[in-house]
Amino acid sequence: MSAEAAAALRLGTTVAKAAAQMWLGGRRREQERRLDMAGLIRLRVSGLRFQRGVHRQFEEIADAVYDRLAPYLEREFRGLDEGARQAVLDGVCDTFEAADLSDEAVLAADVNPAEIVRRITGTVRPPAGLGEAESRLYELLFTECVEYYVRIVRGLPVFEERALTELLGRTTSLGTEIARVLERLPDRSLFAPEGTDRDGPITKRTKLNLPGVRVTIG
């Protein structure tokens, strides 16, 4: 596996785990930050069959993020040495895992990825030791992952354990639906940070299906 593919896989898993934490519990307890996705699902979902099904759904979501990020990283990592790549990757993952991405935080930011990024970067210490090129890539990659996260949590149904049978029995998986959403996002780069072929901004008026919350903003 190439360095770019490994990085995309790690980032995809990080984003999917954060979405699973939001879906399964809303607020992230400190001890849950240290659990992998399988451990988190075992904690919150009863029954081996349901646990395996939910895990598959979020693995597919991680794969959807991977599919978006792998070509992005192959392009943007070009010219960076291995140490610089690792520093950028660690910085994005560490910031993402330390950030407040709870339903309350997302709602407080009007479900606006740019505002979520602004609030997180105002409260979480940025990675130290990055050069100018690495810092710029860190900022763009973190923003990209937050955009994916918001799109994912908007697409998740309200978690209700009694509805798991229906959810897991659907012919179209969550991962497939999320992949279609991410495919419509613009292609961003260091030279086009706003992206090309934009799929329209996330407006302030949007219905959220967050854990225990059904809210229309606007």
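This is a predicted model, so every value here is computed, not measured.

**Some thoughts on the pattern of salt bridges**
In step 1: Per the stated rule, a full pass over the model turns up eight salt bridges.
In step 2: A salt bridge links Arg-85 to Glu-4, with the shortest nitrogen-to-oxygen separation between them at 3.0 Å. Linking Arg-85 in helix H4 (residues 82-98) with Glu-4 in helix H1 (residues 3-25), this pair joins segments that are 81 residues apart in sequence.
In step 3: Overall, the relative accessible area of 15% leaves Glu-4 in the buried class.
In step 4: Two residues, Arg-118 and Glu-115, come together in a salt bridge whose shortest N-O distance is 2.7 Å. Of this pair, Arg-118 and Glu-115 are both found in helix H6 (residues 113-123), three residues apart, which corresponds to roughly one turn of the helix.

**Section: unusual backbone geometry**
In step 1: The phi torsion at Asp-110 lies on the positive side, around 55 degrees, for a residue other than glycine.
In step 2: Its place among the elements puts Asp-110 in the loop between helix H5 (103-108) and H6.
In step 3: Residue class for Asp-110 comes out partly exposed when judged on its relative accessible area of 27%.
In step 4: Even without being a glycine, Val-111 presents a positive backbone phi close to 55 degrees.
In step 5: Note that Val-111 resides in the loop between H5 and H6.

**Digging into the environment of Glu-177**
In step 1: The residue Glu-177 is located in helix H9 (residues 174-183) in this model.
In step 2: By relative accessible area, Glu-177 is classed as partly exposed at 27%.
In step 3: Sequence-wise, Glu-177 and Glu-60 are 117 residues apart; in three dimensions their C-alpha atoms are separated by 9.9 Å.

**Describing the side chain of Arg-68**
In step 1: Structurally, Arg-68 can be placed in helix H3 (residues 48-76).
In step 2: Of note is the side chain of Arg-68, whose polar atom sits 3.4 Å from the side chain of Tyr-148.

**Some details on the nonpolar core**
In step 1: The biggest cluster of nonpolar side chains holds 61 residues, and the ones touching the most others in it are Leu-11, Phe-58, Leu-69, Phe-96 and Tyr-149.
In step 2: Broken down by secondary-structure element, the contributors of at least two residues to this core are H1, helix H2 (37-44), H3, H4, H6, helix H7 (132-155) and H9.
In step 3: In terms of residue count, the dominant contributor to this core is H7 (12 residues).

**A few points about H4**
In step 1: Taking 1.5 Å as the rise per residue, H4 with 17 residues should run 24 Å; its terminal C-alpha atoms sit 24 Å apart, in good agreement.
In step 2: Where H4 is concerned, the buried positions are Ala-84, Arg-85, Val-88, Leu-89, Gly-91, Val-92, Cys-93, Thr-95 and Phe-96.
In step 3: Those residues of H4 that are buried lie in contact with H1, H6 and H7.
In step 4: A side-chain oxygen of the first residue of H4 lies 3.2 Å from the backbone nitrogen of Gly-83; this N-cap is Asp-81.

**Focus: the packing of H7 against H9**
In step 1: At a minimum axis distance of 10 Å, the contact between H7 and H9 shows a crossing angle of 135 degrees. Taken together, H7 and H9 sit at an angle that is classed as oblique. The interaxial crossing formed by H7 with H9 has right-handed handedness. Contacts between H7 and H9 involve Tyr-148, Arg-151, Ile-152 and Gly-155 on the former and, on the latter, Leu-174, Ile-178, Val-181 and Leu-182.
In step 2: Taken together, the residues that form the contact of H7 with H9 break down as six nonpolar, one polar and one charged.

**Details of H2**
Since one α-helical turn is 3.6 residues long, residues separated by three or four positions face the same way.
In step 1: A large share of H2 lies buried, amounting to six of its eight residues.
In step 2: Those residues of H2 not exposed but buried are Met-37, Ala-38, Gly-39, Leu-40, Ile-41 and Arg-44.
In step 3: Close packing links the buried residues of H2 with H1 and H3.

**Points about the confidence of the model for the protein chain**
In step 1: On average, residues of the protein chain score 79 in pLDDT, and 76% of them are at 70 or above.
In step 2: Within the model, pLDDT remains below 50 along residues 189-193, and this stretch shows 12 contacts once partners closer than five positions in the same chain are excluded.
In step 3: Note on residues 196-218: pLDDT is under 50 here. Beyond four places in sequence and across chains, it has 59 contacts.

The rules we used
Residues numbered from 1 in each chain as written. Predicted model: local features only at pLDDT ≥ 70, side-chain atom pairs only at ≥ 80, totals over all residues. Heavy atoms only, no water. Salt bridge = Lys/Arg side-chain N within 4 Å of Asp/Glu carboxyl O. Helix = DSSP H or I, 4+ residues; strand = E, 2+ residues; numbered from the N terminus. Buried < 20%, exposed > 50% of the residue type's maximum accessible area, 1.4 Å probe, protein only. Polar contact = N/O pair within 3.5 Å; in protein donor to acceptor, adjacent residues only side chain to side chain. Core = buried A, V, L, I, M, F, W, Y, C linked by side-chain atoms within 4.5 Å. Expected span 1.5 Å × (residues − 1). Contact = heavy atoms within 4.5 Å. Axes fitted to C-alpha atoms, helices over the stretch in contact; angles between N-to-C directions. Parallel < 35°, antiparallel > 145°, perpendicular 65-115°, else oblique. Left-handed = near helix turned anticlockwise from the far one by under 90°. Nonpolar A, V, L, I, M, F, W, Y, C, P; charged D, E, K, R; others polar. pLDDT = per-residue confidence, 0-100.

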